[in-house]
Amino acid sequence: MKKIYIHPLPVRIWHWTNAFGFVLLILTGLQIRYLDLFQWVSFKMAVDLHNWIGFVLIANFFIWLGFYLFTDKIKVYHPELSPTKYFKESFRQMQYYGYGIFRGEVNPHHPNAYRKFNPLQSMMYQIIMMMLVPAQFFTGLLLWDVARFSSIVEALGGVRVVDTIHVLLFIVFSGFIIVHVYLASLGHTPSAHFKAMITGYEEVEGDGHHG
Ligand code: HEM
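Parameters at a glance
- Residues numbered from 1 in each chain as written.
- Predicted model: local features only at pLDDT ≥ 70, side-chain atom pairs only at ≥ 80, totals over all residues.
- Helix = DSSP H or I, 4+ residues; strand = E, 2+ residues; numbered from the N terminus.
- Contact = placed C-beta atoms within 7 Å.
- Expected span 1.5 Å × (residues − 1).
- Buried ≥ 20, exposed ≤ 12 C-beta atoms within 10 Å, placed from the backbone.
- Near = placed C-beta within 6 Å.
- Axes fitted to C-alpha atoms, helices over the stretch in contact; angles between N-to-C directions.
- Parallel < 35°, antiparallel > 145°, perpendicular 65-115°, else oblique.
- Left-handed = near helix turned anticlockwise from the far one by under 90°.
- Nonpolar A, V, L, I, M, F, W, Y, C, P; charged D, E, K, R; others polar.
- Pairing = 2+ DSSP bridges.

(A) Representation of the overall build of the chain within the structure. Helix and strand counts for the chain come out as 7 helices and 2 strands. From first element to last, N terminus to C terminus, the chain shows the α and β order β-α-α-α-α-α-α-α-β. Summarising its shape, the C-alpha atoms of the chain cover approximately 60 × 35 × 30 Å along the three principal directions. By sequence separation, contacts in the chain at least 24 residues apart represent 69% of the contacts at least 6 residues apart.

Here it is, written out as structure tokens:
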């Protein structure tokens, strides 16, 4: 076993702030949306907390974006330019998660600092971070003060449309977190990837220079 440094500090700070914030947003969001089902805190407290955490996470997002835009680590998100290779590798990775892993096979992806993600992770994380998270933050901002942003809200089809997008994305994120935490537990030990996102170092077999 050899340790390789794959999660730089800004990414780790962003990630855990974001993860903790998302859980709180989901809990307060559940109360705001389904008032008759959940009453964790007073309604006003739920709304205030939801708004504040939302703003903190919007600012936090720029730690992640800024880090990748201004360092060469952006390479971890560079797409594979050969479609055949991309689909082959994605398929191989799906086969591993769907069945190889249950037969004790080795993960086909061997990470290093510039290729820490398998093709499925790289694509999923980009969809999440460049489309879904910004859309959630943007609709959240509009709903925070519908009067101030009334022209944008109207242009998008009104409060109901904006709110529906916000709630649908909330459902997507709730599902994402469950799948994400499950997949994150599939390292060479169940806690390996979690530890890596805390310390920055992932343990890999061999000399750490594969792939
Ligand atoms: C709630 C508990 C969460 C846990 C335990 C968790 C765990 C992890 C772990 C262990 C990794 C390391 C790499 C990997 O396995 O893919 C990771 C990466 C990542 N997670 Fe999470 N996560 C959580 C929530 C979230 C949320 C809410 C989001 C986004 C909305 C998110 C987005 C990401 C992204 C984008 C990466 C890749 C980061 C990079 O650019 O290096 N995670 N997560």
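(B) Looking closely at helix α2 (residues 43-70). Here α2 contains 28 residues, and its C-alpha end-to-end distance of 41 Å stays within 8% of the 40 Å for a straight helix at 1.5 Å per residue. Considered for burial, the residues of α2 that qualify are Ala46, His50, Ile53, Gly54 and Leu57. On its buried face, α2 sits against α1 (9-33) and α4 (119-144).

(C) Region of interest: the site of the ligand. Near the ligand you find 20 residues, and of these Ala19, Phe22, Tyr125, Ala184 and His193 are the closest. The set of elements that each furnish at least two residues to the shell around the ligand consists of α1, α4, α6 (159-184) and α7 (192-199). Here the element with the most residues in the shell around the ligand is α1; it accounts for 6 residues.

(D) Structural view of the packing of α1 against α2. Two numbers describe how α1 lies on α2: the axes approach to 9 Å, and their chain directions differ by 155 degrees. When the axis of α1 is compared with that of α2, the two are roughly antiparallel. Crossing angle aside, the handedness with which α1 passes α2 is left-handed. For the contact of α1 with α2, the class distribution of residues is 16 nonpolar, 9 polar and no charged.

(E) Just the pairing of strand β2 (residues 201-204), in detail. In β2, alternate side chains face the same way, and those of Glu202 and Val204 are buried while those of Tyr201 and Glu203 on the opposite face are not. Note: strand β1 (residues 2-5) against β2, 4 bridges, orientation antiparallel. Across the sheet, the residue bridging to Ile4 is Glu202, located in β2.

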